[in-house]
Amino acid sequence: MQHRHLLPNEIDLLLDGDAGFGATPLRAHIDECTDCRARLDEARVMADALEHLPHFAPRPGFADRVLCQVQIVEPWHVAAVATVRRVVPESRPLRVLTIAGTGLASVAISAGALGLALGTRLTVGSATVITTRIRDAILGGLQDAVSSVFGAGAATALQSDGALAMSAAAVALVAAVGGAAFGFRALAAASRQRGS
Ligand SMILES: [Zn+2]
């Protein structure tokens, strides 16, 4: 016999006439314990009464009529995840490529915006010194890159009109990365079509 009273779910188990292995100790307890036997009898009366209640059914279309009045507010993070899911392809390698392309594009856009801001000299007061240093640092790095790729002449041209050249370079970089991202998307769409 079980040395504690039965739990509600155990009463339900006996009520359903469960003949499984677990029911045997419960039945043994019911035979010994008047409290639990009374609870099982009560539950049986209740179940019988519910069984004999008239059965109602809603009119056809009830669920649709209720749901069309329910306003579903989509939390911003759910919407954001859904948007990202639509953009990011299903296959794993393409997903990695797209995420890498998107990250590169955002870095390029930030760098371009910074370059444009510095180029148009939107700086006043003490900020001028800092932004000039940032600009010199970025320009220095860009010149090194340009001279190693295109030769010293290109780097000198860059130095002579640095801000304009840097803006153009930033725009070109953004365009290239954007093109690559669209390429990845097209590739992903094509592979999905092949897959289906
Ligand atoms: Zn009991």
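This text follows the structure it describes.
In what follows, the accompanying structure is described. (Residues numbered from 1 in each chain as written. Predicted model: local features only at pLDDT ≥ 70, side-chain atom pairs only at ≥ 80, totals over all residues.)

With their axes 10 Å apart at the nearest point, helix α1 (residues 8–15) and helix α3 (residues 34–51) run at an angle of 60° to one another. Considering the angle they form, α1 stands oblique to α3. For the element pair α1 and α3, the recorded crossing hand is right-handed. Residue-level contacts link I11, L14 and L15 of α1 to R39, L40, A43, R44 and A47 of α3. (Axes fitted to C-alpha atoms, helices over the stretch in contact; angles between N-to-C directions. Helix = DSSP H or I, 4+ residues; strand = E, 2+ residues; numbered from the N terminus. Parallel < 35°, antiparallel > 145°, perpendicular 65-115°, else oblique. Left-handed = near helix turned anticlockwise from the far one by under 90°. Contact = placed C-beta atoms within 7 Å.)

It is worth spelling out the nonpolar core at this point. In terms of nonpolar packing, the biggest core is built from five residues, these being L6, L26, I30, C36 and L40. When contributions to this core are tallied by element, the ones reaching two or more residues are α2 (23–32) and α3. Each residue touching I30, except ones within four places of it in the same chain, is listed here: L14, C36, R37 and L40. (Core = buried A, V, L, I, M, F, W, Y, C linked by C-beta atoms within 7 Å. Buried ≥ 20, exposed ≤ 12 C-beta atoms within 10 Å, placed from the backbone.)

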